[in-house]
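Secondary and tertiary structure notes
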Amino acid sequence: MTKRSPADPPPVAIGRESLDSAAAGRTVEARASIPDGFLDTLRARFGDALHLGEAVRLQHGSSEVHFAPVLPDAVVFARSADDVVDLVKICSAMNVPVVPFGAGTSVEGNFLPVRGGVSVDLSEMNQILEIRPNDFDCTVQAGVRREQLNEDLRSAGLFFPIDPGANATLGGMASTRASGTTAVRYGTMREAVVALKVVTPQGKVIETASRAPKSAAGYDLTRMYIGSEGTLGIITEVTLRLHPIPETISSAVCSFETLDGAIETVTQSIQMGVPLARIEFLDDLQMRAVNRLSKLDYPELNTLFLEFHGSPSGVKEQIAIVNALASENGGGSFAWSNLPEERSKLWRARHEAYYAAMQLRPGSVGFATDVCVPISRLSECISETKIDLLTATMPATILGHVGDGNFHVVFVMDPDSHAEREEVERLNKRMVARALAMNGTCAGEHGIGLGKQDSLVAEFGEDAVDIMRAVKRAIDPKNLFNPGKIFSL
(Lines give C-alpha, C1' and ligand atoms only; values in the text may rest on other atoms or scores of the structure.)
Protein backbone atom coordinates (compact mmCIF):
# COMPACT_ATOMS: atom_id res chain seq x y z
CA MET A 1 0.00 0.00 0.00
CA THR A 2 1.39 3.45 -0.91
CA LYS A 3 2.77 5.35 2.05
CA ARG A 4 1.49 8.86 2.65
CA SER A 5 3.12 11.66 4.54
CA PRO A 6 1.25 13.49 7.31
CA ALA A 7 0.79 16.38 4.87
CA ASP A 8 -1.25 14.28 2.46
CA PRO A 9 -5.04 14.59 2.67
CA PRO A 10 -6.77 11.50 4.06
CA PRO A 11 -8.26 9.15 1.46
CA VAL A 12 -11.95 8.36 1.41
CA ALA A 13 -12.85 6.31 4.45
CA ILE A 14 -14.27 2.82 4.13
CA GLY A 15 -17.75 2.55 5.52
CA ARG A 16 -18.66 6.26 5.43
CA GLU A 17 -22.28 5.81 4.47
CA SER A 18 -23.43 2.97 6.67
CA LEU A 19 -22.31 0.59 9.37
CA ASP A 20 -22.08 -3.13 9.38
CA SER A 21 -25.45 -4.86 9.07
CA ALA A 22 -25.15 -6.19 12.63
CA ALA A 23 -26.14 -2.67 13.66
CA ALA A 24 -29.33 -2.76 11.59
CA GLY A 25 -32.44 -1.65 13.41
CA ARG A 26 -30.80 1.12 15.37
CA THR A 27 -29.95 4.71 14.54
CA VAL A 28 -26.94 4.94 12.22
CA GLU A 29 -24.51 7.59 13.37
CA ALA A 30 -23.89 10.36 10.83
CA ARG A 31 -20.21 10.85 10.14
CA ALA A 32 -18.92 14.14 11.51
CA SER A 33 -17.42 16.63 9.08
CA ILE A 34 -13.85 17.74 9.69
CA PRO A 35 -13.63 21.55 10.01
CA ASP A 36 -11.21 23.56 7.92
CA GLY A 37 -7.91 23.91 9.70
CA PHE A 38 -8.47 21.00 12.07
CA LEU A 39 -5.76 18.76 10.62
CA ASP A 40 -3.35 21.71 10.47
CA THR A 41 -3.98 22.33 14.17
CA LEU A 42 -3.28 18.67 14.95
CA ARG A 43 -0.13 18.72 12.84
CA ALA A 44 1.18 21.80 14.60
CA ARG A 45 0.65 20.22 18.03
CA PHE A 46 1.53 16.56 17.42
CA GLY A 47 3.97 16.53 14.51
CA ASP A 48 5.03 13.00 13.60
CA ALA A 49 2.61 11.53 16.15
CA LEU A 50 -0.20 12.45 13.73
CA HIS A 51 -0.91 9.88 11.00
CA LEU A 52 -3.23 10.37 8.05
CA GLY A 53 -2.09 7.49 5.85
CA GLU A 54 -4.65 4.90 4.87
CA ALA A 55 -2.72 1.93 6.24
CA VAL A 56 -2.58 3.32 9.78
CA ARG A 57 -6.17 4.51 9.63
CA LEU A 58 -7.32 1.11 8.40
CA GLN A 59 -5.51 -0.54 11.31
CA HIS A 60 -7.47 1.66 13.72
CA GLY A 61 -10.78 1.20 11.96
CA SER A 62 -10.82 -2.55 11.37
CA SER A 63 -11.85 -5.42 13.61
CA GLU A 64 -10.70 -9.04 13.49
CA VAL A 65 -14.34 -10.10 13.49
CA HIS A 66 -17.35 -9.45 11.29
CA PHE A 67 -17.76 -5.67 11.50
CA ALA A 68 -17.07 -3.70 8.35
CA PRO A 69 -14.11 -1.29 8.54
CA VAL A 70 -14.87 2.34 9.44
CA LEU A 71 -11.79 4.53 9.22
CA PRO A 72 -10.98 7.52 11.44
CA ASP A 73 -10.01 10.74 9.70
CA ALA A 74 -6.75 10.83 11.65
CA VAL A 75 -4.77 8.83 14.19
CA VAL A 76 -2.78 10.44 16.99
CA PHE A 77 -0.29 8.36 18.98
CA ALA A 78 -0.39 9.84 22.47
CA ARG A 79 2.84 9.70 24.46
CA SER A 80 1.63 11.34 27.67
CA ALA A 81 -1.51 12.39 29.50
CA ASP A 82 -0.76 15.95 28.35
CA ASP A 83 -1.06 14.75 24.75
CA VAL A 84 -4.49 13.29 25.50
CA VAL A 85 -5.60 16.49 27.26
CA ASP A 86 -4.49 18.70 24.39
CA LEU A 87 -6.09 16.44 21.79
CA VAL A 88 -9.38 16.41 23.68
CA LYS A 89 -9.37 20.19 23.99
CA ILE A 90 -8.73 20.62 20.25
CA CYS A 91 -11.43 18.10 19.33
CA SER A 92 -13.93 19.64 21.76
CA ALA A 93 -13.33 23.16 20.45
CA MET A 94 -13.89 22.00 16.86
CA ASN A 95 -16.63 19.40 17.58
CA VAL A 96 -14.67 16.41 16.29
CA PRO A 97 -15.19 12.91 17.80
CA VAL A 98 -12.33 11.19 19.57
CA VAL A 99 -12.12 7.42 20.09
CA PRO A 100 -9.53 5.73 22.34
CA PHE A 101 -7.60 2.75 20.91
CA GLY A 102 -5.45 0.27 22.83
CA ALA A 103 -4.54 -3.02 21.15
CA GLY A 104 -7.64 -3.35 18.96
CA THR A 105 -8.59 -6.78 20.34
CA SER A 106 -12.22 -6.10 21.31
CA VAL A 107 -14.88 -8.00 19.34
CA GLU A 108 -18.09 -5.94 19.48
CA GLY A 109 -16.88 -3.03 17.36
CA ASN A 110 -16.03 -1.17 20.58
CA PHE A 111 -13.25 0.98 19.07
CA LEU A 112 -14.63 1.56 15.55
CA PRO A 113 -14.91 5.33 14.86
CA VAL A 114 -18.43 5.26 13.46
CA ARG A 115 -18.63 9.07 13.26
CA GLY A 116 -15.09 9.48 12.02
CA GLY A 117 -12.86 11.92 13.87
CA VAL A 118 -9.62 11.04 15.62
CA SER A 119 -8.51 7.68 16.93
CA VAL A 120 -6.16 8.29 19.87
CA ASP A 121 -3.75 5.37 20.15
CA LEU A 122 -2.51 4.91 23.72
CA SER A 123 -0.09 2.05 23.01
CA GLU A 124 2.99 4.28 23.37
CA MET A 125 1.91 5.23 26.91
CA ASN A 126 3.46 1.99 28.11
CA GLN A 127 5.37 2.85 31.27
CA ILE A 128 5.00 0.81 34.46
CA LEU A 129 5.02 3.75 36.86
CA GLU A 130 5.31 2.05 40.24
CA ILE A 131 5.11 -1.44 41.73
CA ARG A 132 4.35 -1.57 45.46
CA PRO A 133 4.96 -5.16 46.64
CA ASN A 134 4.07 -4.43 50.25
CA ASP A 135 0.64 -3.14 49.22
CA PHE A 136 0.07 -5.72 46.45
CA ASP A 137 -0.72 -3.04 43.88
CA CYS A 138 0.87 -1.13 41.02
CA THR A 139 0.21 1.87 38.79
CA VAL A 140 0.71 1.69 35.03
CA GLN A 141 0.01 3.83 32.00
CA ALA A 142 -2.98 2.78 29.93
CA GLY A 143 -0.91 1.35 27.07
CA VAL A 144 0.93 -1.24 29.16
CA ARG A 145 0.04 -4.75 28.05
CA ARG A 146 -0.78 -7.47 30.54
CA GLU A 147 2.08 -9.77 29.46
CA GLN A 148 4.55 -6.88 29.80
CA LEU A 149 3.31 -6.19 33.32
CA ASN A 150 3.64 -9.82 34.38
CA GLU A 151 7.21 -9.97 33.06
CA ASP A 152 8.11 -7.04 35.32
CA LEU A 153 6.23 -8.44 38.30
CA ARG A 154 7.87 -11.86 38.27
CA SER A 155 11.00 -10.73 40.13
CA ALA A 156 8.80 -9.42 42.95
CA GLY A 157 6.99 -12.75 43.26
CA LEU A 158 3.72 -11.17 42.11
CA PHE A 159 1.41 -11.44 39.12
CA PHE A 160 -1.63 -9.76 37.61
CA PRO A 161 -4.18 -12.53 37.05
CA ILE A 162 -6.80 -11.15 34.63
CA ASP A 163 -6.28 -13.03 31.35
CA PRO A 164 -8.65 -12.30 28.45
CA GLY A 165 -6.50 -14.34 26.08
CA ALA A 166 -5.31 -11.51 23.90
CA ASN A 167 -2.28 -9.50 25.00
CA ALA A 168 -4.52 -6.48 25.54
CA THR A 169 -3.61 -3.11 27.01
CA LEU A 170 -4.63 -2.59 30.61
CA GLY A 171 -6.41 0.65 29.82
CA GLY A 172 -8.45 -1.15 27.18
CA MET A 173 -9.19 -3.99 29.56
CA ALA A 174 -10.51 -1.52 32.13
CA SER A 175 -12.50 0.33 29.50
CA THR A 176 -14.30 -2.85 28.38
CA ARG A 177 -14.50 -4.46 31.86
CA ALA A 178 -12.56 -7.45 30.56
CA SER A 179 -12.16 -10.76 32.34
CA GLY A 180 -11.16 -14.16 30.95
CA THR A 181 -9.83 -17.53 31.93
CA THR A 182 -8.98 -16.72 35.56
CA ALA A 183 -12.16 -14.85 36.50
CA VAL A 184 -13.53 -17.84 38.41
CA ARG A 185 -10.74 -17.37 41.02
CA TYR A 186 -9.59 -13.76 40.72
CA GLY A 187 -12.60 -11.88 39.40
CA THR A 188 -12.80 -9.40 36.50
CA MET A 189 -11.37 -5.94 35.88
CA ARG A 190 -14.17 -4.64 38.08
CA GLU A 191 -12.47 -6.29 41.06
CA ALA A 192 -8.88 -5.82 39.86
CA VAL A 193 -8.88 -2.04 39.36
CA VAL A 194 -8.18 0.07 42.45
CA ALA A 195 -8.22 3.52 40.84
CA LEU A 196 -8.03 5.28 37.48
CA LYS A 197 -6.71 8.51 36.06
CA VAL A 198 -9.12 9.75 33.39
CA VAL A 199 -9.27 12.64 30.92
CA THR A 200 -12.81 14.02 30.74
CA PRO A 201 -14.55 15.38 27.63
CA GLN A 202 -13.73 18.89 28.92
CA GLY A 203 -10.01 18.08 28.91
CA LYS A 204 -9.69 17.83 32.68
CA VAL A 205 -7.75 15.10 34.47
CA ILE A 206 -9.44 13.37 37.39
CA GLU A 207 -8.44 10.57 39.75
CA THR A 208 -11.34 8.29 40.60
CA ALA A 209 -10.14 6.88 43.94
CA SER A 210 -7.27 6.60 46.40
CA ARG A 211 -5.32 3.38 47.04
CA ALA A 212 -7.09 2.72 50.32
CA PRO A 213 -8.24 -0.92 50.64
CA LYS A 214 -11.82 0.32 50.97
CA SER A 215 -13.74 3.57 50.80
CA ALA A 216 -17.28 4.86 51.31
CA ALA A 217 -16.48 8.33 49.95
CA GLY A 218 -19.06 9.52 47.44
CA TYR A 219 -20.05 7.95 44.15
CA ASP A 220 -17.90 5.07 42.92
CA LEU A 221 -16.36 6.82 39.92
CA THR A 222 -13.90 3.99 39.31
CA ARG A 223 -16.68 1.49 38.64
CA MET A 224 -18.53 4.04 36.50
CA TYR A 225 -15.60 4.30 34.09
CA ILE A 226 -14.81 0.57 34.07
CA GLY A 227 -16.82 -0.85 31.18
CA SER A 228 -17.81 2.54 29.77
CA GLU A 229 -15.90 1.77 26.54
CA GLY A 230 -14.40 5.24 26.24
CA THR A 231 -17.80 6.94 26.07
CA LEU A 232 -17.32 8.91 29.31
CA GLY A 233 -13.57 9.46 29.52
CA ILE A 234 -10.17 8.35 28.27
CA ILE A 235 -8.23 6.27 30.79
CA THR A 236 -4.55 7.25 30.97
CA GLU A 237 -3.42 5.45 34.16
CA VAL A 238 -4.61 2.34 35.98
CA THR A 239 -3.87 1.23 39.53
CA LEU A 240 -4.27 -2.54 39.87
CA ARG A 241 -4.49 -5.18 42.58
CA LEU A 242 -1.77 -7.82 42.42
CA HIS A 243 -1.45 -11.35 43.80
CA PRO A 244 1.42 -13.55 44.98
CA ILE A 245 2.60 -16.09 42.43
CA PRO A 246 1.15 -19.41 43.66
CA GLU A 247 3.56 -21.86 45.25
CA THR A 248 2.18 -24.68 43.09
CA ILE A 249 0.47 -24.46 39.69
CA SER A 250 -0.87 -27.54 37.95
CA SER A 251 -2.88 -27.74 34.72
CA ALA A 252 -4.88 -30.58 33.21
CA VAL A 253 -7.08 -31.53 30.30
CA CYS A 254 -10.02 -33.91 30.65
CA SER A 255 -12.39 -35.04 27.90
CA PHE A 256 -16.03 -36.14 28.34
CA GLU A 257 -18.36 -38.27 26.27
CA THR A 258 -21.22 -35.81 26.86
CA LEU A 259 -21.52 -32.06 27.07
CA ASP A 260 -23.68 -32.36 30.21
CA GLY A 261 -20.99 -34.42 31.93
CA ALA A 262 -18.38 -31.72 31.41
CA ILE A 263 -20.61 -28.87 32.56
CA GLU A 264 -21.94 -30.78 35.55
CA THR A 265 -18.34 -31.34 36.67
CA VAL A 266 -17.82 -27.58 36.58
CA THR A 267 -21.04 -26.84 38.46
CA GLN A 268 -20.39 -29.42 41.15
CA SER A 269 -16.80 -28.26 41.64
CA ILE A 270 -17.95 -24.68 42.20
CA GLN A 271 -20.75 -25.78 44.52
CA MET A 272 -18.25 -27.77 46.61
CA GLY A 273 -16.10 -24.69 47.03
CA VAL A 274 -13.09 -25.90 45.07
CA PRO A 275 -10.98 -22.75 44.46
CA LEU A 276 -10.29 -23.45 40.80
CA ALA A 277 -7.94 -20.96 39.17
CA ARG A 278 -9.18 -21.67 35.63
CA ILE A 279 -11.76 -24.02 34.21
CA GLU A 280 -12.42 -23.71 30.50
CA PHE A 281 -14.82 -25.63 28.27
CA LEU A 282 -14.27 -26.44 24.58
CA ASP A 283 -16.84 -28.44 22.67
CA ASP A 284 -16.00 -31.29 20.30
CA LEU A 285 -15.81 -29.13 17.17
CA GLN A 286 -13.61 -26.56 18.88
CA MET A 287 -11.27 -29.35 20.03
CA ARG A 288 -10.99 -30.59 16.46
CA ALA A 289 -9.99 -27.08 15.41
CA VAL A 290 -7.50 -26.65 18.28
CA ASN A 291 -5.83 -29.99 17.52
CA ARG A 292 -5.45 -29.02 13.89
CA LEU A 293 -3.99 -25.53 14.48
CA SER A 294 -1.83 -26.29 17.54
CA LYS A 295 -0.64 -29.74 16.40
CA LEU A 296 -2.13 -31.51 19.43
CA ASP A 297 -3.70 -34.93 19.73
CA TYR A 298 -6.38 -34.54 22.41
CA PRO A 299 -9.61 -36.56 21.98
CA GLU A 300 -12.04 -34.54 19.86
CA LEU A 301 -14.69 -34.58 22.54
CA ASN A 302 -16.24 -32.04 24.89
CA THR A 303 -13.25 -31.05 26.99
CA LEU A 304 -12.30 -29.13 30.14
CA PHE A 305 -9.00 -27.27 30.52
CA LEU A 306 -8.29 -26.80 34.24
CA GLU A 307 -5.69 -25.09 36.40
CA PHE A 308 -5.13 -25.31 40.15
CA HIS A 309 -3.21 -22.78 42.29
CA GLY A 310 -2.09 -23.03 45.92
CA SER A 311 0.14 -24.91 48.29
CA PRO A 312 1.28 -28.43 47.30
CA SER A 313 -1.19 -30.03 49.69
CA GLY A 314 -3.99 -27.67 48.71
CA VAL A 315 -3.53 -28.32 45.00
CA LYS A 316 -3.38 -32.07 45.63
CA GLU A 317 -6.70 -31.90 47.49
CA GLN A 318 -8.34 -29.80 44.74
CA ILE A 319 -7.19 -32.24 42.09
CA ALA A 320 -8.54 -35.24 43.98
CA ILE A 321 -12.00 -33.65 44.35
CA VAL A 322 -12.31 -32.58 40.72
CA ASN A 323 -10.91 -35.87 39.46
CA ALA A 324 -13.55 -37.78 41.41
CA LEU A 325 -16.33 -35.53 40.12
CA ALA A 326 -15.11 -35.90 36.55
CA SER A 327 -15.07 -39.68 36.86
CA GLU A 328 -18.64 -39.70 38.15
CA ASN A 329 -19.70 -37.56 35.19
CA GLY A 330 -18.13 -39.70 32.48
CA GLY A 331 -14.81 -37.94 32.20
CA GLY A 332 -11.68 -39.66 30.99
CA SER A 333 -8.28 -39.59 32.63
CA PHE A 334 -6.57 -36.26 33.29
CA ALA A 335 -3.68 -35.30 31.00
CA TRP A 336 -1.38 -33.24 33.23
CA SER A 337 0.87 -30.29 32.34
CA ASN A 338 3.01 -29.39 35.34
CA LEU A 339 6.09 -27.84 33.77
CA PRO A 340 5.82 -24.12 32.90
CA GLU A 341 6.52 -24.71 29.20
CA GLU A 342 3.87 -27.43 29.04
CA ARG A 343 1.31 -25.22 30.75
CA SER A 344 2.15 -22.36 28.40
CA LYS A 345 1.60 -24.60 25.40
CA LEU A 346 -1.75 -25.79 26.76
CA TRP A 347 -3.09 -22.30 27.48
CA ARG A 348 -1.68 -20.91 24.23
CA ALA A 349 -3.77 -23.52 22.42
CA ARG A 350 -6.84 -22.34 24.36
CA HIS A 351 -6.10 -18.68 23.64
CA GLU A 352 -5.74 -19.40 19.92
CA ALA A 353 -9.13 -21.11 19.79
CA TYR A 354 -10.70 -18.29 17.75
CA TYR A 355 -8.02 -18.55 15.07
CA ALA A 356 -8.31 -22.32 15.17
CA ALA A 357 -12.04 -22.04 14.47
CA MET A 358 -11.32 -19.82 11.47
CA GLN A 359 -9.16 -22.58 10.00
CA LEU A 360 -12.18 -24.88 9.86
CA ARG A 361 -13.28 -22.86 6.85
CA PRO A 362 -10.51 -20.89 5.12
CA GLY A 363 -11.57 -17.49 3.86
CA SER A 364 -14.19 -17.12 6.57
CA VAL A 365 -14.78 -14.35 9.08
CA GLY A 366 -15.68 -14.86 12.72
CA PHE A 367 -18.82 -13.67 14.45
CA ALA A 368 -17.86 -14.02 18.14
CA THR A 369 -20.49 -13.59 20.80
CA ASP A 370 -20.95 -14.40 24.48
CA VAL A 371 -23.48 -14.62 27.30
CA CYS A 372 -23.25 -15.36 31.01
CA VAL A 373 -25.80 -17.09 33.25
CA PRO A 374 -26.02 -18.19 36.89
CA ILE A 375 -23.90 -21.30 37.35
CA SER A 376 -26.97 -23.42 38.18
CA ARG A 377 -28.40 -22.72 34.69
CA LEU A 378 -25.16 -23.14 32.77
CA SER A 379 -25.60 -26.75 31.65
CA GLU A 380 -29.13 -26.07 30.43
CA CYS A 381 -28.10 -22.91 28.57
CA ILE A 382 -25.13 -24.50 26.80
CA SER A 383 -27.06 -27.67 25.94
CA GLU A 384 -29.93 -25.74 24.36
CA THR A 385 -27.47 -23.53 22.49
CA LYS A 386 -25.66 -26.61 21.18
CA ILE A 387 -28.95 -28.00 19.83
CA ASP A 388 -29.48 -24.72 17.96
CA LEU A 389 -25.96 -24.82 16.53
CA LEU A 390 -26.43 -28.34 15.16
CA THR A 391 -28.96 -26.83 12.75
CA ALA A 392 -26.55 -24.12 11.54
CA THR A 393 -25.35 -24.21 7.95
CA MET A 394 -21.86 -23.00 8.94
CA PRO A 395 -19.39 -24.29 11.55
CA ALA A 396 -20.05 -22.87 15.02
CA THR A 397 -18.00 -23.72 18.09
CA ILE A 398 -18.66 -23.30 21.82
CA LEU A 399 -15.98 -22.43 24.33
CA GLY A 400 -15.88 -20.43 27.49
CA HIS A 401 -14.94 -19.54 31.02
CA VAL A 402 -17.60 -21.82 32.39
CA GLY A 403 -16.44 -21.54 35.99
CA ASP A 404 -18.18 -18.18 36.15
CA GLY A 405 -21.12 -19.08 33.91
CA ASN A 406 -19.69 -17.38 30.80
CA PHE A 407 -19.43 -19.02 27.39
CA HIS A 408 -18.83 -17.97 23.81
CA VAL A 409 -19.99 -19.06 20.40
CA VAL A 410 -17.78 -18.50 17.36
CA PHE A 411 -19.72 -18.62 14.09
CA VAL A 412 -17.39 -19.30 11.14
CA MET A 413 -19.18 -17.28 8.51
CA ASP A 414 -18.85 -16.59 4.79
CA PRO A 415 -18.26 -12.80 4.71
CA ASP A 416 -20.05 -12.50 1.36
CA SER A 417 -23.20 -14.43 2.27
CA HIS A 418 -26.15 -12.27 3.32
CA ALA A 419 -28.14 -15.42 4.11
CA GLU A 420 -25.47 -16.66 6.52
CA ARG A 421 -25.31 -13.26 8.21
CA GLU A 422 -29.06 -13.34 8.79
CA GLU A 423 -28.85 -16.90 10.10
CA VAL A 424 -26.07 -16.01 12.53
CA GLU A 425 -27.92 -12.97 13.82
CA ARG A 426 -31.04 -15.08 14.37
CA LEU A 427 -29.10 -17.74 16.29
CA ASN A 428 -27.28 -15.10 18.31
CA LYS A 429 -30.57 -13.43 19.29
CA ARG A 430 -31.95 -16.80 20.41
CA MET A 431 -28.88 -17.39 22.56
CA VAL A 432 -29.12 -13.94 24.17
CA ALA A 433 -32.87 -14.33 24.76
CA ARG A 434 -32.24 -17.72 26.36
CA ALA A 435 -29.61 -16.27 28.69
CA LEU A 436 -31.82 -13.33 29.68
CA ALA A 437 -34.71 -15.71 30.43
CA MET A 438 -32.35 -17.47 32.86
CA ASN A 439 -31.57 -14.15 34.59
CA GLY A 440 -28.25 -13.92 32.78
CA THR A 441 -26.62 -11.17 30.77
CA CYS A 442 -26.16 -10.49 27.06
CA ALA A 443 -22.44 -9.79 27.45
CA GLY A 444 -20.31 -11.59 30.00
CA GLU A 445 -17.11 -9.82 28.94
CA HIS A 446 -17.25 -8.53 25.36
CA GLY A 447 -19.11 -5.34 26.21
CA ILE A 448 -21.89 -3.79 24.14
CA GLY A 449 -20.08 -1.73 21.50
CA LEU A 450 -22.04 -1.76 18.25
CA GLY A 451 -23.26 -5.31 18.22
CA LYS A 452 -25.40 -5.72 21.34
CA GLN A 453 -27.23 -2.44 21.77
CA ASP A 454 -30.66 -3.97 21.26
CA SER A 455 -29.73 -6.73 23.70
CA LEU A 456 -28.80 -4.14 26.34
CA VAL A 457 -32.31 -2.69 26.16
CA ALA A 458 -33.81 -6.18 26.30
CA GLU A 459 -31.76 -6.92 29.43
CA PHE A 460 -32.34 -3.72 31.42
CA GLY A 461 -35.36 -2.05 29.82
CA GLU A 462 -35.60 1.42 28.30
CA ASP A 463 -35.92 3.20 31.66
CA ALA A 464 -32.60 1.85 32.92
CA VAL A 465 -30.84 2.53 29.61
CA ASP A 466 -32.26 6.07 29.71
CA ILE A 467 -30.41 6.58 32.99
CA MET A 468 -27.22 5.49 31.23
CA ARG A 469 -28.00 7.99 28.46
CA ALA A 470 -28.53 10.72 31.05
CA VAL A 471 -25.10 10.02 32.55
CA LYS A 472 -23.54 10.18 29.08
CA ARG A 473 -25.25 13.49 28.25
CA ALA A 474 -24.23 15.03 31.58
CA ILE A 475 -20.56 14.06 31.26
CA ASP A 476 -20.19 14.35 27.47
CA PRO A 477 -22.86 16.85 26.35
CA LYS A 478 -21.38 17.17 22.86
CA ASN A 479 -21.35 13.36 22.39
CA LEU A 480 -17.75 13.40 21.13
CA PHE A 481 -16.27 10.51 23.15
CA ASN A 482 -16.66 7.26 21.19
CA PRO A 483 -20.15 8.20 19.98
CA GLY A 484 -22.55 5.51 18.83
CA LYS A 485 -21.37 2.86 21.29
CA ILE A 486 -23.37 1.04 23.99
CA PHE A 487 -26.59 2.87 23.04
CA SER A 488 -27.81 5.50 20.61
CA LEU A 489 -28.71 8.96 21.85
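Whatever comes next refers back to the structure up there.
Keep in mind it's a predicted model, so treat the numbers as computed, not measured.

Scoring rules and cut-offs
Residues numbered from 1 in each chain as written. Predicted model: local features only at pLDDT ≥ 70, side-chain atom pairs only at ≥ 80, totals over all residues. Heavy atoms only, no water. Axes fitted to C-alpha atoms, helices over the stretch in contact; angles between N-to-C directions. Helix = DSSP H or I, 4+ residues; strand = E, 2+ residues; numbered from the N terminus. Parallel < 35°, antiparallel > 145°, perpendicular 65-115°, else oblique. Contact = heavy atoms within 4.5 Å. Nonpolar A, V, L, I, M, F, W, Y, C, P; charged D, E, K, R; others polar. Buried < 20%, exposed > 50% of the residue type's maximum accessible area, 1.4 Å probe, protein only. Pairing = 2+ DSSP bridges. Expected span 1.5 Å × (residues − 1). Arc of directions from axis to C-beta. Core = buried A, V, L, I, M, F, W, Y, C linked by side-chain atoms within 4.5 Å. Phe/Tyr/Trp six-rings, centres within 6.5 Å; stacked < 30°, edge-to-face > 60°.

**Observations regarding the packing of helix 16 (residues 453-460) against helix 17 (residues 462-475)**
The contact between helix 16 and helix 17 brings their axes to 6 Å, and the two run at 120°. As the angle between them shows, helix 16 and helix 17 are arranged oblique. Facing Leu-456, Val-457 and Phe-460 of helix 16, the residues of helix 17 in contact are Glu-462, Ala-464, Val-465 and Met-468. Here the residues of the contact of helix 16 with helix 17 are counted per class, giving 6 nonpolar, no polar and 1 charged.

**Side note on the pairing of strand 10 (residues 234-241)**
Buried residues dominate strand 10, accounting for 6 of its 8 residues. Both strand 6 (residues 137-141) and strand 10 contribute to a ladder of 5 bridges, which runs antiparallel. Its bridge partner lying in strand 10, Asp-137 is registered against Arg-241. Strand direction decides the pairing type here: strand 8 (residues 193-199) and strand 10, joined by 6 bridges, are antiparallel. Opposite Val-199, over in strand 10, you have Ile-234 as the bridge partner.

**Quick look at helix 17**
With 14 residues, helix 17 extends 20 Å between its outermost C-alpha atoms, agreeing within 8% with the 20 Å of an ideal straight helix rising 1.5 Å per residue. All of the buried residues along helix 17 are Val-465, Arg-469, Lys-472 and Ile-475. Projected down its long axis, helix 17 shows its buried positions confined to an angular sector of 135°, all on one face. Seen from the open side of helix 17, the exposed residues pointing more than 90 degrees away from its buried face are Asp-463, Ile-467 and Ala-474. Considering only its buried residues, helix 17 is in contact with helix 8 (221-225) and helix 16.

**With respect to the nonpolar core**
Counting 49 residues, the largest nonpolar core has Phe-281, Leu-304, Leu-306, Ile-382, Phe-407, Val-409 and Phe-411 as its most contacted members. Take this core: its biggest share by element is 5 residues, from helix 15 (residues 418-437). Once you skip the residues sitting within four places of it in the chain, Val-409 turns out to touch Phe-367, Ala-368, Thr-369, Thr-385, Leu-389, Ala-396, Thr-397, Ile-398 and Met-431. Counting residues in hydrophobic clusters, the runner-up holds 30 residues, among them Phe-101, Met-287, Leu-346 and Ala-356.

**A closer look at the sheet that holds strand 8**
The strand order 5-6-10-8-9 describes an open sheet built from 5 strands, whose pairing is antiparallel. Unpaired on one side and paired on the other, strand 5 (128-132) and strand 9 (205-207) mark the two borders of the sheet. Strand after strand, the sheet turns through a mean of 10° between neighbouring axes, direction not considered. Helix-sheet contacts for helix 3 (residues 81-93) involve strand 8, strand 9 and strand 10, and the interaxial angle to strand 10 is about 145°.

**Here's the deal with the packing of aromatic side chains**
For the structure shown, the criterion picks out 8 aromatic pairs. Ring geometry for Phe-101 against Phe-111: centres 5.1 Å apart, planes inclined by 85°, an arrangement best described as edge-to-face. Within this pair, whereas Phe-101 is found in strand 3 (residues 98-101), its partner Phe-111 is found in the loop between strand 3 and strand 4 (118-121), the two being separated by 10 residues in sequence. For Phe-101, a relative accessible area of 5% gives the class buried. Judged by relative accessible area, which is 6%, Phe-111 ranks as buried. Taking 6.1 Å as the distance between ring centres and 85° as the angle between the ring planes, the aromatic pair formed by Phe-367 and Phe-411 counts as edge-to-face. Here Phe-367 is found in strand 16 (residues 365-372), whereas its partner Phe-411 is found in strand 18 (residues 406-413), with 44 residues between them in sequence. Note on Phe-411: relative accessible area 1%, which makes it buried.

**Considerations on the sheet that holds strand 3**
Read across the sheet, 4 strands follow the order 1-2-4-3 without closing on themselves; strand pairing throughout is mixed. Edge positions in the open sheet fall to strand 1 (50-51) and strand 3, since each of these has one partner strand only. Bridge count for strand 1 against strand 2 (residues 74-77) is 2 bridges, and the pairing is antiparallel. The residue of strand 2 that forms the bridge with Leu-50 is Val-76. Contacts from helix 3 reach strand 2, strand 3 and strand 4 within the one sheet, and its direction differs from that of strand 4 by about 170°.

Taken by themselves, the reported measurements are silent on function.
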